[in-house]
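Overview (structure and organization)
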Amino acid sequence: MSRHKPIFLKDYRAPDFTIEKCTLEFDIFEDYTIVKNEMHIVQCCSEVREVRLNGVELELLSFKVDGKTLSADMYQVDEQSLTLYNVHGSFDVEILTKIYPHKNTELEGLYKSNGMFCTQNEPEGFRRITYFLDRPDVMAKYTTKVIADKKYPMLLSNGNKIECCEVDKSRHFCIWEDPFAKPSYLFALVAGDLGFVNDTFTTMRGREIELNIYCDLGNESKCFHAMDSLKKAMKWDEEKYGREYDLDIYNIVAVDSFNMGAMENKGLNIFNSTYVLADKESATDQNYMGIESVIAHEYFHNWTGNRITCRDWFQLTLKEGLTVYRDQTFSADMNSQDVVRIDNVKSLRERQFVEDAGPTSHPIQPDSYISMNNFYTATVYEKGAEVIGMYHTLLGEENYKKSMKLYFDTFDGQAVRVDDFFWAMEQNYNGDLSQFKRWYHQSGTPSLVVSEEYKDGKLDLTCKQIIPTTVEGKEQLPFMYPFKIALFCEDGSFIEEKSLMIKDEIEVFEFNGLACKPKLSLNRGFGAPIKTIYENQDYPFLMKYDNDSFNRYEAAQEFALKTLNEMIDGKAINESFIKSYKELLDADVDLMYKAQLLELPSISNLMQTREIVDFKKLCDAKEALTKQIALAYKDEFLALYINNHDKEDDTISADAMAKRALKNRALQYLCSTENEKMGHICSEQYYFSKTMNDKVIALSLLENFFSTIAEKALKDFYDKYKNDTLTMNKYFSIISSAKREDVLSRVIESQRDEVYDEKVPNLVRALIYTFTRNYSHFHAQDGSGYKFIADKIIEIDKVNAQVASGLAGAFKVYQKLDSNHKNVMKEHLDRIIETNNLSDNTYEIVFKILDKK
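**Focus on the overall build of the protein**
Check the secondary structure of the protein and you find 27 helices and 31 strands. A globule of 853 residues ought to have a C-alpha radius of gyration of about 29 Å, and the protein, at 28 Å, matches this closely. Across its three principal directions, the C-alpha atoms of the protein cover 85 × 65 × 60 Å. When each of the 853 residues of the protein is scored for burial, the buried share is 60%. By sequence separation, contacts in the protein at least 24 residues apart represent 70% of the contacts at least 6 residues apart. Computing the positive centroid from 104 side-chain charges and the negative centroid from 136, the protein places the two 1 Å apart.

Below is the structure:
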């Protein structure tokens, strides 16, 4: 176990050598690839006379320095590196290596996916291609020659295309040149027989950019939404941030086997096909929204990630938190700001708040890691985005724009730190921003306890910060953040809105000249990523009168959580909540927003309110409350369904998507009654709707509530879509998320299906990971769910450590379980961590869950 060694931020050292220029040649064959790497290396520290190049699983064929073959005593090769001795000044290195992409199941470096050669190099995949200074603060200019059989007509890499020619009758090559220096993690290559769609974009300075989206042959018609999203993102970035695209061509390639969502490689983005391919026959409305967001995210990285990159991996939130904030604001501008904000906060709470409260809690700038792959987290991304949002609030729109321009102008072409971004923000803040930096270095979700005292028209509002301790039990200091509130009269009339600044452990704010004791709306718009604790909150009042869309939604969620907790503790259903729910049904608001208002809290959110978690009780309470609401308002829900069920409108217009969201929310409630009539409505929706969105929701409801009808529908779905991997992801998710008692045996059986392939991460996520979110079955009393997932982690870790460690995250709830579940889970966690040759990825997650010191 001693081999699992942590890396610390405090040990960072600037590179002793850098690489100014790299010329690569890939000679691709079916069973191997020969990589020729010519580098110009320059010494940065005169006192150091050896350079260590990273390299993993490489077969070294030849090695020269300044054209000369070195004697054995002048270099050393081990499993992780190639070290050159007695070097100085500047010199040229030529390295020839042999790699085996078709054997690469880790999907890092160069690998083969569904007949296509492609790369994934972030964070440390490039060292699987060739020996290199594989770190983000070494930025080189790349020229790449790709040679392959003509059966692979598309030969792509970073930058602009320089030349394409025949080698002979069977082989050809293309040369690409990237004029911008970049770190090795942004290198990309693709070789395949691909279909594509083509378009152009004219920049704000009149330059015409060639746009291409590549995919498997036959899927070209599914690329148009992605192309439209790309052009919207390019225009938006010009208008909002003044950022113009800088190359002559922008390529996107969709890949089925991909560990991440997408990768922003300079000029050649490689995407998980989930976030590119969509049409009404295969994609849900959520898929369409996800594609728009992720396409934008990767494009925005061109400036916030590529042109300005990270000095080291501890600075990851510098590019990811900022770029998530940019894609979130883009999505809000393209759609409904209220709806997008609620979706973003839901995701933050379900993923990041859970992370903050668990054994893998870390600040947005971690201070150590064993495997960097484990820190592509909700904290670094989503909490990081909330920090950028708070900058925006504190500075205001104009000063935020000035600071962003200063950041781009000052650090373009550099690998920088979060401190450099903070400096740019600080220059246009009217005050002392130094305390705000604690958001980078302190972990956990802070709470704010609010109390009040009202007398003779004066309100004293006391705000007390509750600062979480670290995972190690260390005390932390008060945070600084904006806190927007509003005051209302008891008749619902609006008094005022005010932005407060929370800095000290205890703050007291005065409001004078009030005509009545006010009702309070707190942390409006969720302006700070905190938990607000206020015992006197009048939820029914805010559900009816609050004019902040997020806080109206929040009131409904908090009242539902309070009701559910009472039910878990053995109390009857709160009739006041059932009555207040009518306000949401009757609300005259945007239909998509209304669908959000009507939703009950997730089990993940409910779990966070409990000291000890019994998932069966949580699930039972939510099911009972859902059914009670459905029975109380069955006529209203049926009317919502009928009025918004338009079988003919298969567009993705805002109106059409909103109607589908609301009618399907109503259908979910109606089906919870298990009334036979609802089963027939579901069946009709499945067979006759024109959108995949409606089909998938109807099929899932049939599987959960009407299993006899579902059997035929599931077979129909399988027979229609078994040759479409993306759509089959939905099928496997439905199987593994079902409430039926035999769900685990069905999941196990599905692994033997000819469509299922454990080497494809999307399929593993759909079938196996989705099962871990099926809380009552994953946390079954007999431990069968734990055993199954532990077995899968051990098995998959040997093939793809990133996927395995992702699955291991399902056990993060360990410390909150009752003693019986905890003991059973520990047995399987111990079994995982004691596995021989366990990867750093999986070891680190399980080590922290078990709280090993």
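**A closer look at the side chain of Asn693**
Considering the arrangement of structural elements, one finds Asn693 in helix H18 (residues 692-705). We classify Asn693 as buried; its relative accessible area is 8%. Looking at Asn693, its side chain comes within polar contact range of the side chain of Asp694, at 3.5 Å.

**Some details on the packing of aromatic side chains**
Using the criterion set out here, one finds 61 aromatic pairs in the structure. An angle of 75 degrees between the planes, with centres 5.5 Å apart, marks the rings of Phe488 and Phe494 as edge-to-face. Looking at Phe494, the relative accessible area reads 40%, which means it is partly exposed. Between Tyr581 and Phe637 the ring centres are 6.4 Å apart and the planes differ by 55 degrees, which places this aromatic pair in the tilted class. Separated by 56 residues along the polypeptide, Tyr581 in helix H11 (residues 575-586) and Phe637 in helix H15 (residues 634-644) bring together distant segments of the chain. Tyr581 sits in the buried class, given a relative accessible area of 1%. Taken together through their ring pairs, the aromatic side chains of Trp236, Tyr241, Tyr245, Tyr250, Tyr299, Phe300, Tyr325, Phe330 and Tyr400 make up a single cluster. Seen from the ring of Tyr12, Arg311 lies directly overhead, with NZ or CZ sitting 3.6 Å from the centre.

**As for helix H14 (residues 615-632)**
Because an α-helix packs 3.6 residues into every turn, residues spaced three or four apart end up facing the same way. In this model H14 runs 26 Å from its N-terminal to its C-terminal C-alpha over 18 residues, within 8% of the 26 Å that 1.5 Å per residue would give. Turning to H14, its buried residues are Phe615, Leu618, Cys619, Ala621, Leu625, Thr626, Ile629 and Ala630. Looking straight down H14, one finds that the buried residues subtend no more than 165 degrees of arc, so they occupy a single side. Against the buried residues of H14 lie helix H10 (549-568), H11, helix H13 (603-607), H15, helix H16 (654-672) and helix H23 (775-778). If you check the start of H14, you find a side-chain oxygen 3.1 Å away from the backbone N of Lys616, and it comes from Asp614.

**Describing the sheet that holds strand S27 (residues 481-488)**
Read from one edge of the open sheet, 3 strands run S28-S27-S30, paired in antiparallel fashion. Looking at the sheet topology across the chains shown, the edges are occupied by strand S28 (494-502) and strand S30 (519-522). Strand-to-strand twist of the sheet, defined as the mean angle between neighbouring strand axes without regard to direction, takes the value 25 degrees.

**Quick notes on unusual backbone geometry**
Cis geometry is found at the peptide bond from Glu122 to Pro123, where omega equals 0 degrees. Along the chain, Pro123 falls in the loop between strand S11 (116-120) and strand S12 (140-149). Positioned with a positive phi, Asn86 is a non-glycine residue whose angle comes to about 55 degrees. Following the sequence through the fold, Asn86 ends up in the loop between strand S8 (81-84) and strand S9 (90-99).

**Re the pairing of strand S17 (residues 194-202)**
Across 9 bridges, S17 lies against strand S18 (residues 208-216) in antiparallel orientation. Note that in S18 the partner of Thr200 across the bridge is Glu210. Counting the residues that bridge the hairpin from S17 to S18 gives 5 residues, and of these Gly206 lies at a positive phi of roughly 90 degrees.

**A few points about empty space enclosed by the protein**
Scanning all chains against the criterion turns up 7 cavities of 30 Å³ or more. Counted as a void, the largest cavity has a volume near 70 Å³. The wall of the largest cavity is formed by Thr317, Leu318, Gly321, Leu322, Ile364, Gly384, Val387, Ile388, Val418, Phe421 and Tyr440. Among the elements of the structure, helix H3 (316-334), helix H5 (378-395) and helix H7 (418-426) are those that each provide at least two residues to the lining of the largest cavity. The dominant element in the lining of the largest cavity, judged by the number of residues it contributes, is H3, at 4 residues. Residue classes in the lining of the largest cavity are distributed as 8 nonpolar, 3 polar and no charged. Roughly 40 Å³ of internal volume is contained in the second largest cavity. Taken together, Asn644, Asp646, Asp649, Ala656, Lys659, Arg660 and Lys663 make up the lining of the second largest cavity. Partitioning the lining of the second largest cavity into residue classes produces 1 nonpolar, 1 polar and 5 charged.

**Comments concerning the nonpolar core**
Formed by 157 residues in total, the largest nonpolar core has its most connected members in Leu84, Tyr391, Tyr407 and Phe421. Sort the elements by how many residues they give to this core and H5 lands first, with 9 residues. Not counting residues up to four positions away in its chain, the partners in contact with Phe421 are Leu318, Leu322, Ile388, Tyr391, Met404, Tyr407 and Tyr440. Counting 119 residues, the second-largest nonpolar core is a separate cluster that includes Phe577, Met692, Ala698 and Ile735.

Thresholds applied
Residues numbered from 1 in each chain as written. Predicted model: local features only at pLDDT ≥ 70, side-chain atom pairs only at ≥ 80, totals over all residues. Heavy atoms only, no water. Helix = DSSP H or I, 4+ residues; strand = E, 2+ residues; numbered from the N terminus. Rg over C-alpha atoms; globule rule 2.2 N^0.38 Å. Buried < 20%, exposed > 50% of the residue type's maximum accessible area, 1.4 Å probe, protein only. Contact = heavy atoms within 4.5 Å. Lys, Arg positive; Asp, Glu negative; His and termini not counted. Charge placed at Lys NZ, Arg CZ, Asp CG, Glu CD. Polar contact = N/O pair within 3.5 Å; in protein donor to acceptor, adjacent residues only side chain to side chain. Phe/Tyr/Trp six-rings, centres within 6.5 Å; stacked < 30°, edge-to-face > 60°. Lys NZ or Arg CZ within 6 Å of the ring centre and 35° of its normal. Expected span 1.5 Å × (residues − 1). Arc of directions from axis to C-beta. Pairing = 2+ DSSP bridges. Axes fitted to C-alpha atoms, helices over the stretch in contact; angles between N-to-C directions. 1 Å grid on protein atoms, 1.4 Å probe; cavity = no way out; pocket = protein on both sides within 12 Å on 5 of 7 lines; lining within 4 Å. Points joined across faces, edges and corners; volume = space filled by probe spheres on them. Nonpolar A, V, L, I, M, F, W, Y, C, P; charged D, E, K, R; others polar. Core = buried A, V, L, I, M, F, W, Y, C linked by side-chain atoms within 4.5 Å.

These values are about where atoms sit, not about what they do.
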